[in-house]
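# Survey of secondary and tertiary structure
Residues per chain are reported as follows:
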Amino acid sequence: MSRSNLPRVLNLGCGHKTSPHPDVLNVDWSIFLRFRKSRLLRSLPLALLRGARRQRYVAIPDNTLAHDVARPLPFPDASIDIVYHSHMLEHIARDQVTRFLHEVYRVLRPGGVHRVVVPDLEVLARRYLEHVGECGRNQHERARHEEYVAELIEQCVREIPAGAAALSGWRRRLYLALCGNARTKGEVHRWMYDSVTLTQILTAAGFAEVEVQACDRSRIEDWKVYGLDLNENGTAHKADSLYIECVRPRAG
């Protein structure tokens, strides 16, 4: 990829939350994206996917790159203005996070912004504790106890991937044969983050000016035009998220 063709924004681990904006390159390693990029295999997922998942597969934009972020990012040093990822970092094994962050640092130009979105462990934990406090006097809350526990741990222990949950028979067997279980498919959470931990690891990786943001607030000029953190109605695309931005120092 020549410098003149480099994107301004990398949307790493994009999943189905892609941006059609020409300044953005969406990056993901989904097996369905790899099928979509193959002339021979692109029709195979149509036999497996239904409803909204099928529609998202068909609608994958052209500005999407199939790349495994466990490998070095395929961009020159100091070549990207903005690196963004949402609900991806928690899927990387903790002992591999530092290597990933160093790659982000490498491709960012000095002064470039790194925007990170993760599930907010603090929010989930506070809500769980508030719920437990209500259980002694509120039968409705007691009946919902499993929901609150699941918010904290379900995605850490899940075995069946989300895409196979509604399938049965040969469709489920084929899906699992192609994609693997939730862990091998990369769906499970390998760690959870709050603002303290995330600030510490970003600082240790060399980033500066670490600051908590919001779904509708950013130091990035015109960030909303990329349509990555907000739904069309202006609500957060991922509720209960922690938004943190930092920069690669200009002297770094």
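Read on for a plain summary of the structure. (Residues numbered from 1 in each chain as written. Predicted model: local features only at pLDDT ≥ 70, side-chain atom pairs only at ≥ 80, totals over all residues. Heavy atoms only, no water.)

### So, the overall build of the chain
Along the chain, the regular secondary structure elements total 8 helices and 7 strands. Buried residues in the chain amount to 42% of all 252 residues. Contacts in the chain between residues far apart in sequence, at least 24 positions, make up 74% of those at least 6 positions apart. Split by element, the accessible area of the chain, about 13400 Å² in all, is 52% carbon and sulfur. (Helix = DSSP H or I, 4+ residues; strand = E, 2+ residues; numbered from the N terminus. Buried < 20%, exposed > 50% of the residue type's maximum accessible area, 1.4 Å probe, protein only. Contact = heavy atoms within 4.5 Å. Areas by Shrake-Rupley, 256 points an atom, 1.4 Å probe, with all protein chains shown as cover.)

### Some details on empty space enclosed by the protein
Enumeration over the complete set of coordinates arrives at 1 cavity of 30 Å³ or more. Looking at the largest cavity, its volume works out to about 40 Å³. Considering the residues around the largest cavity, the lining is formed by C215, W223, K224, G227, L228, D229 and L230. For the lining of the largest cavity, a count of residues per class yields 4 nonpolar, 1 polar and 2 charged. (1 Å grid on protein atoms, 1.4 Å probe; cavity = no way out; pocket = protein on both sides within 12 Å on 5 of 7 lines; lining within 4 Å. Points joined across faces, edges and corners; volume = space filled by probe spheres on them. Nonpolar A, V, L, I, M, F, W, Y, C, P; charged D, E, K, R; others polar.)

### A short note on the nonpolar core
Core analysis: the biggest nonpolar cluster contains 31 residues, and L12, L89, F100, L101, L198 and F207 have the highest contact counts within it. Elements with a contribution of two residues or more to this core: β1 (9–12), β2 (24–28), β4 (80–86), α3 (94–107), β5 (108–119), α8 (195–204) and β7 (241–247). Broken down by element, the residue count for this core peaks at 6 residues, all from α3. Not counting chain neighbours up to four residues away, the residues in contact with F100 comprise L12, V69, H85, M88, L89 and I92. Core analysis: the second largest hydrophobic core is formed by 14 residues, V24, W223, L228 and L230 among them. (Core = buried A, V, L, I, M, F, W, Y, C linked by side-chain atoms within 4.5 Å.)

### What about the environment of D216?
Among the structural elements, D216 can be located in the loop between β6 (208–212) and β7. Remark: the alpha-carbon pair of D216 and L230, spanning 14 residues in sequence, is separated by 7.2 Å. If we ignore the near neighbours within four places in the chain, the residues touching D216 are K224 and L230.

### Focus on the pattern of salt bridges
In total, this model carries 17 salt bridges according to the counting rule given. Ionic pairing is found between R106 and D77, a salt bridge with its closest N-O pair at 2.7 Å. With a gap of 29 residues between them, R106 in helix α3 and D77 in the loop between β3 (64–66) and β4 connect regions that are remote in the sequence. A relative accessible area of 48% means that D77 is categorised as partly exposed. E122 serves as the salt-bridge partner of R126, at 3.0 Å between the closest nitrogen and oxygen. Residue R126 and its partner E122 are located together in helix α4 (residues 121–135), separated by 4 residues, close to a single helical turn. According to the relative accessible area criterion, R126 is exposed, its value standing at 52%. Residue E122 is classed as partly exposed on the basis of its relative accessible area of 34%. Taken together, the shared-partner salt bridges connect R115, E209, E211, R219, D229 and E245 into one network. (Salt bridge = Lys/Arg side-chain N within 4 Å of Asp/Glu carboxyl O.)

### Looking at unusual backbone geometry
Phi angles above zero are rare outside glycine, and E209 is one such case at about 55°. Among the structural elements, E209 can be located in strand β6. A residue is classified by how much of its surface remains accessible, and E209, at 55% relative accessible area, is exposed. For D240, which is not glycine, the phi dihedral falls at a positive 60°. Secondary-structure assignment places D240 in the loop between β6 and β7. For D240, a relative accessible area of 30% corresponds to the partly exposed category.

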